[in-house]
Every structure is written in C-alpha cells, then in structure tokens.
2 protein chains.
Amino acid sequence: MLEYLMKIICDPKRINTSVAIRQQHSQDFTSYHEQHLPDVVLYPKNKEELRKIVAYANRIGCPIVPFGLGTSVEGQVVPIQGGISLNFTHMNRILEIREDDFAVRVEPGVTRIQLNQELKKYGLFFPVDPGVDATLGGMVATNASGCSAVRYGMMREQILGMEAILADGSFIHTGSLAKKSSAGYNLTHLLAGSEGTLAVFTELTLQVYGTPEEFLYAKVVFPDLKKACNAANRMLYRSIQPSKIELVDEYTIQAINSYKLTKYVAKPTLFLELSGWKSTVLAEWEQVKEIIQEEGAGEWSHTFDKAFGDQLWDARRHAALAIAASAPGKKLMTTDVCVPLSILPEAVIFTREVMQAEDLHGAILGHIGDGNYHAVFPIDMSLPEEVAKAEKVNELIVRFALERGGSCTGEHGVGLGKRKYLTEEHGDAVLWMKKIKEIFDPKSILNPGKIF
Amino acid sequence: MLEYLMKIICDPKRINTSVAIRQQHSQDFTSYHEQHLPDVVLYPKNKEELRKIVAYANRIGCPIVPFGLGTSVEGQVVPIQGGISLNFTHMNRILEIREDDFAVRVEPGVTRIQLNQELKKYGLFFPVDPGVDATLGGMVATNASGCSAVRYGMMREQILGMEAILADGSFIHTGSLAKKSSAGYNLTHLLAGSEGTLAVFTELTLQVYGTPEEFLYAKVVFPDLKKACNAANRMLYRSIQPSKIELVDEYTIQAINSYKLTKYVAKPTLFLELSGWKSTVLAEWEQVKEIIQEEGAGEWSHTFDKAFGDQLWDARRHAALAIAASAPGKKLMTTDVCVPLSILPEAVIFTREVMQAEDLHGAILGHIGDGNYHAVFPIDMSLPEEVAKAEKVNELIVRFALERGGSCTGEHGVGLGKRKYLTEEHGDAVLWMKKIKEIFDPKSILNPGKIF
C-alpha cells in the first residue's frame, strides 16, 4: 500500500507512519472515545491527489477518515478500523472571495479563524463559531453550529455548494453560487452533516455576511438556572434577535475563573450579544433590560466595549477546555441535545437534577436560543463505574429530549457516541439513510462505523 | 382499479372520474405545459387512506401525482402518464400550533393563507409567499419561496420535519421539533424540493415567526432597470435587511395598472418593505433614501400606512395573473433563474436585450434581493414560431445564468419545463439524484417524468 501511495503523493514528507503522528490522528477533542491508530496519515495537497487516494482505497477496500483539526467530539475522526487518516493541512487555500456575492470558495482545510482573518479586509465575516478553531470541511461534515446559530443558522444554512469525491473516485459538484435553487434534489444538504461517510470534500462554497455596525455585549447573572432560561426564551418571544445568547452555569463559571483568571460571579449567567444598527441594538437592549429585571437578574454589565466582549466570548469559547482543565487526566463526555424552545427550561432543570441524583459532577452550558445545550462530564476512563454513571445520565438526558420532539445531537453529530440513539430518534428513516450510504459507498470505505 | 379504490375510500364523492374534474387536474397555473388528464382524481381524507392508495398504486404500477391548488408553473401537477391525481382538499387540518416553539404541524393541504389567518391570533405569521395562494405541501414539494425569502429563506429553511409515505406504502418520519439537528443524513431537505417524486407528504412541521412591530412600505421609481437593480444591491451591501425587495419592470406595471386599476408610473420600480422595531425601520429607511437618491430614483412614496402596503403587495402578488390577463388566450412561459447577486443587474439587462432582439413581448419582475428574477412571456400555443422564439429566449437566459454560477430555477422547481437544463446545471450529480430516486421509488410511480 505505502509503495502505491508514494506514487500518488510523490513526497515522503506527506506520508507519515510514525507512531507519534498516528497517535495525533487517533482521537478527537478531549473526548472520551477510545483511540484507534490509523495505518498511515496522508497530507494531500490538491484534489487530484485526493481523487487518486480515494480511488485506490476503494479498490483495495481501505478505510478513509478525513481529519481537519481533530476538534470533533463524538469520535468522528477516530479511525476505528484503521486505514488512512486524511489530513487537510495542505488543502487550506481560500480560492475566491466574492465580496459582492457574499460568498467564498475555500478548500476544506481552511479554518474558520483563517477565513475570518481574510474576510476582515472586506468588512465581511463568517458567523459559525463552534468555540475552538476548526476546519470548514470538518464543520460542514458535522453540520457544526455554536454561539451564532441563533441568528445565522448552522453550517448547512451557510453552504451554497460543494465539490466532493465519491467513493468510486469520481467528482461530484452540487449547488451553485445562487442564493436559492429548486433545481433537483438537494445533494448539498445531504453531504453536509454526513460526517465523511458519503464523500470527501474538495471545495466548499459558503455564504458570508456583512459585519454589523455595532455590538453590545452583556453578562447577566441570575439567581437560578430556571430564571436564566426563562429570560432567554422571553427575549425570543418578543422577537429580539440576539446574535449570541449563551447559558453558562455556575460550574462552568468556576472552571472559567480558574482557567482564565476571570472573576465572574459563580451563578447561572447569560452571555449575550446584540448586533446591528446602533439604534436597533439600543432598542433591543431596552427590551432585554425589562425582561431580565422581571426575571430577577441579580446584576448585569452591558457595554459597547470590544475588550469586554472579547474577554466574554474568549471565556465562552474555551469553556470546554476550562472544564477539561478543572479535572486533570479525565476525559469529557458531552451531551448535545436540542429541544423545542418551550421545553428548554425544564430540560435544563431536569439535567441538573439527574446529575445531582446520580452524584455526577459536571457543568451545563449551551446555545439556549436554539434549544441546544450541553452537559459536560469529566470522567476517569479507568473507572468503569464512573463511565457507566455518565452514560446513564447521558441516556436519560437524550431520552428526555427525544420524548419531547427534540434531537439527540444539535451540533456535534452522531459519530460514535450517538449511534445508539439514531434509530430511537428517526425510526425507520435510518434504513433509508443506510440505503443512501450503500449507493454512495458500497464498500463502506468512507469513515466506516460512523453514524450507523 | 376503481373498484379497489372504492374499497379504500368508501365514499363515492371522493373518487371522481368526470371529464370536468379530470381536466381541472390536467394542468397547472396559466402555464404553457401541455395538459394530460389523470384517469381518476382521489380526495383522501387521512393518512391511512393515503397509505393504502400509494401501496395499491405501487403494486399495480399506477402513477400518482399529488395536487394541492395546482399553482405550480413548471408542470409539476400534470399527470403526463395518467394515473391518479391526489387532491389534498380534505387533508387541510392545522394539527398543532406550538406558539412557544415557533412551530406548527399541518396536513399538506393547508394553504399558506389559511395558516396565516390562524397564526394571526397568536401574533405569529408564516413568511413564505409565492404570490397566489398555494398548499403548504405543494410549496414544500417545489421548495417555493417568493417575496419574503430575502429575509426568511425558502420553504426548505422553514421545514423542521415531516411525515411522508414512501412508494412501498411505509411511513417515514424525518426531522424533529428541534430548531437544529446534526443527527444523521438530512432526509427532510432531500424530500423538500423533490416535487412529489420521492414520497407523498402526510404531515409537515414548519417554523413560524413573531410578527414584526412595524412595517414601512415604499415604492421607488427608477429611470431604468439597471439603476433599480444597482440600488437594490447597494442596500444589501450596506447590510440593510428588507423583508421584501421586488423589481417590477414597466411592462409589469402596465399589466398591473390594467388589471388592478392602479395608476402606478410605468417605469422600472422597486417595491420595498422594511420591518422590525420602529427605530430599526426608520434607521434603515434613512440609508435606503440615500442610496435611491444616489441611483437617481425619480420619485418615491414611503409610508407606514397598511392600506398602501396591502395594495402594493396585492399588486405584486397578482402580477402573473395581470400579465396573463394582458394577453387573453395566451399561456405563460416564465423563466426563473437565480444568479449570484453581483451578476443580477447585467443578467436583467441581458434578459431585456435578448427579448428585444427576438421581438418577444414579455415582462420582467423578481425577487432581486436573492438574485432570482422572472421573465414572463405570454405565448400563443397554436403558433409554433412563437413557442420556439420563447423557448430560445428562455434558453439564452438560463445559459447566461448557468455560465455565471447561477441556477436554472430559483423557486419554481424543475417539473417538466427545466428538465433539459438539469444536467447542464449539475453535471454528473444528476446521476446520483437518479440513483436516489431508484431506491425510493423503484417502479417510478411517484410523479413519473418530473425532474428527470
């Protein structure tokens, strides 16, 4: 195999079989999923190399697992059947910025931070922000979202079209540069969120946005979780459109304070961002103020000061790292349910209650404007009891959400961790997903063992 | 066949084989597509009847063509191979309004006007408005959009989940009530826009929105098409977010004036709606005023007066009917390209030029905030030369769009009329669409001959 791959890539530096490098590609972001080494890590530098690699892998039946920055959390990048880990480091070119079309064309290895640095020059930005940095290819693959989805939507809503390589080594082009299309089946949205199981992306066309005129940042402390959740919902019911609205519980705040040396009050808190025309932002803030007072907010800060906002969002972005750092040596299990908006307050309370009932330490935080929140449990993988307890609580949280019309994963994807819930959520629809998988990837070489 | 269908439906009034009724189900909205009679028109009243009908049709290989209000324009409802026309008149129940979740569950025969009448009681509304009334099932099937898509998106962006019957007579449930999900392949977005070729919808879960506080309506007259288009684009570049921004050319205005007895100045015009908090709307209008003055707008009206707005949008909604009425006895051919925003002005100019060069009478209007516009040609179907001329111009317009990264259909769907462009737009991706069609509908009974 290596000999043949050498012929395709023609550069020994971009074919790596060292244990250290393979280990780097054996796991994802601080997550509890078991490591598996790939047989080899390849660093293709263009789509023609990629095409040859996929065609060859398909011929010999070798698994292919795309790897961006490895920041997935449900085991998406773990090569559980070995094979090739495809690293996109060298496919990180921004191919075109069409500022007058609010669109960009990028290679999948471009990261969201890299893209935003470039877009800044044009007064544009890319809104989807899952916290840590991530490649856009990875974000499309898992249909990532994060803090800004409440205003701008998920990755699926940003992707206009793509070029990808199918298992048979052929290219497929989906979508277009048009903002709307009703031309045939939507293959773009089928491939987005397919977690590397249907195709290997080679090029993405994404929507971008004009940077708002003004940003107002606020941090609002509440006496309890329920009041924080209620306040958030009431803002949405009044048609306030925050660009970010995040719930951060007292445990998360404690972890952030230790990790970032901030001195935030350790109580349930909303991190909030309003953006748009200054007059809009001020009008919205007046409404927000009324609501948070009625919901008994203990104290709050609000400001147009960018430094305050940067610190706030930096703290939020690194919350998972902060929680991980609060429990050295432990791995993180993260729930990711998304529930109907009206269910959110009781879902969060239920979550805290089952954690307490099971004596499971963990933090709750989330994108509550979408009904999507996370409970994060640091667990010691060497203690089967602790793992079992976390899995039990995770299951109760998922079941609570599914019974009320929610989803087992709002943004992390299925990967390995949510496979057991897929049929519970979708019933027989999963059979049709599998049939689609079979026609796109009959030998099951594309990220095998994921989703199903 | 009739005998068996009688056993399923048990109500002779809901099985119709009269020529008059079959003729009503033989064509779509004022369009140039050839009529074909179904063999029978069925009016199922619940999903169990529907399931039995589909299972039976699949067994005997009988075509099934869903029919809402028949307001598609690319022949989607025409039963070109005969068979069963499925009329959804009796499946028009609003099943649930979840006001606190901004979601509704409806049967596919509910129309958008019917839904909005009900939503009004809750201070909510459903934004997608393709002009004439239409069933929500039909709108999901064609991924319809219309005037409000510039702010709220297409049908695909409104649909959270659905229940549908597959060709084999089994039910499928996709999506959920959650606003976001990354749980497996997105079958919801695959079925939405599939034009009745993959499944028969039985229930839809849709997003709805809070009614904005204030609406500002404006009609702005420009000296020429180009200036009107430029002004629209410049608004978007300044991050103004109109809830509607429509281009209406002088021919459309003339047709509207005759049809509605309005006295609008017959020049290229923008119909505009800003909505949101009053302060936002006013701030946006100040920006709009600056832009339209710089682009040489001749005159404009702007007002918060609902009566003015109602007349304006009523005129826009009935533009197609007005154009049809301006040419009695003729049928309408309507182009529907969607181009990247920056291309819009030149695409519209090109369209006017080829119409003039070919001496083809017609109107141009469209949702220019999305890059989606229509040229509407009234044609005498008994004159082959006229038909050929219109088809030639249509083709030139489509090719112009495709060469610049656009789509052949922004909102009308493929149906019969755009089939010839599908491969030109999507290349080999069409083969994969066909493979999906084959697994979902191996006997090709679901709206056969459409899309492909």
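Residues numbered from 1 in each chain as written. Chains lettered and ligands numbered in written order. Predicted model: local features only at pLDDT ≥ 70, side-chain atom pairs only at ≥ 80, totals over all residues. Heavy atoms only, no water.

For the record, the criterion: UniProt positions are given in the numbering used here, feature names are shortened, and annotations may be inferred rather than shown by experiment.
Per an unreviewed UniProt entry, chain A is named D-lactate dehydrogenase (cytochrome), and its organism is Rossellomorea pakistanensis. Per UniProt, chain A carries the Cofactor (unreviewed entry) text "FAD". Word for word, the UniProt comment on chain A under Sequence similarities (unreviewed entry) is "Belongs to the FAD-binding oxidoreductase/transferase type 4 family."

Observations concerning the UniProt feature "domain: FAD-binding PCMH-type" (unreviewed entry) in chain A
Inclusion rule: Secondary structure elements follow DSSP: runs of H or I no shorter than four residues count as helices, runs of E no shorter than two count as strands, and numbering proceeds from the N terminus.
Residues annotated in UniProt with the feature "domain: FAD-binding PCMH-type" (unreviewed entry) correspond here to residues 34-211 of chain A. Secondary structure content for residues 34-211 of chain A is 21% helix and 25% strand, and the end C-alpha separation is 41 Å.

Some remarks on the environment of B:Pro212
Residues and elements named next belong to chain B. To be explicit about the condition: Burial here depends on accessible area, computed with a 1.4 Å probe over protein chains only, as a share of the maximum for the residue type. Under 20% is buried, over 50% is exposed, and the range in between is partly exposed. Residue contacts are counted whenever heavy atoms from the two residues lie within 4.5 Å of one another.
Looking at the element boundaries, Pro 212 is found in the loop between β11 (209-210) and β12 (214-221). Residue Pro 212 is classed as buried on the basis of its relative accessible area of 13%. In this structure, the C-alpha to C-alpha distance between Pro 212 and Leu 402, residues 190 residues apart in sequence, is 36 Å. Leave out the neighbours within four places in its chain, and Pro 212 touches Phe 125, Tyr 152, Ser 275 and Gly 276.

Points about the sheet that holds strand β2 (residues 40-42) of chain B
Residue and element names in this part refer to chain B. As a reminder, the rule being used: Any two strands are treated as partners once DSSP identifies two or more bridges connecting them. Each axis is a line fitted through C-alpha atoms, and for a helix only the stretch in contact is used; angles between axes span 0 to 180 degrees, taken between their N-to-C directions.
Reading across the sheet, the 4 strands line up as β1-β2-β4-β3 and stay open at both edges, with mixed pairing between neighbours. The two strands at the open ends of the sheet, each matched to only one other strand, are β1 (15-16) and β3 (64-67). Helix α3 (residues 47-60) contacts β2, β3 and β4 (84-87) of the sheet and is inclined by roughly 165 degrees relative to β4.

Thoughts on the relation of the copies chain A and chain B
Stated formally: Least-squares superposition of the copies uses the C-alpha atoms of those residues scoring a pLDDT of at least 70 in each of them.
Aligned on chain B, chain A shows an RMSD of 0.0 Å; the corresponding rotation is 180 degrees and the shift along the axis is 0.0 Å. Here the transformation between the copies is reduced to the relation of a two-fold axis. For chain A, the smallest separation between a C-alpha atom and the rotation axis is recorded for A:Thr280, amounting to 2.5 Å.

What about the interface of chain A and chain B?
How big an interface is tends to be stated in terms of accessible area lost as the parts join. To keep it simple, the criterion reads: Throughout, the accessible surface (probe 1.4 Å) given up by two parts as they are put together, summed over both, is called the buried area. What counts as a salt bridge is simple: a side-chain nitrogen of Lys or Arg found within 4 Å of a carboxyl oxygen of Asp or Glu. Any N or O atom pair separated by 3.5 Å or less is treated as a polar contact, with the protein-specific requirement of one donor-capable and one acceptor-capable atom, and with residues adjacent in sequence counted only for side-chain atom pairs. Residues are grouped as follows: Ala, Val, Leu, Ile, Met, Phe, Trp, Tyr, Cys and Pro are nonpolar; Asp, Glu, Lys and Arg are charged; every other residue, Gly included, is polar.
Across the contact, 80 residues belong to chain A and 81 residues belong to chain B. Between chain A and chain B the total buried area reaches about 6400 Å² when both faces are included, carbon and sulfur atoms providing 60% of it. The three residues of chain A that bury the most area against chain B are A:Lys180, A:Tyr185 and A:Trp277, which together make up 16% of that side's buried surface. Between A:Lys180 and B:Glu411 there is a salt bridge, with the nearest N and O atoms lying 3.2 Å from each other. At the boundary of chain A with chain B, the tally comes to 36 residue pairs in polar contact (both at pLDDT 80 or more). Residue assignment for the side of chain A that touches chain B shows that the elements contributing at least two residues are α6 (149-152), β9 (171-175), α7 (187-191), α8 (225-237), α10 (278-294), α15 (419-426) and α16 (429-440) of chain A. If you tally residues by element for the side of chain A that touches chain B, the top one is α16(A), at 8 residues. Across the side of chain A that touches chain B, the residue classes tally to 33 nonpolar, 31 polar and 16 charged.

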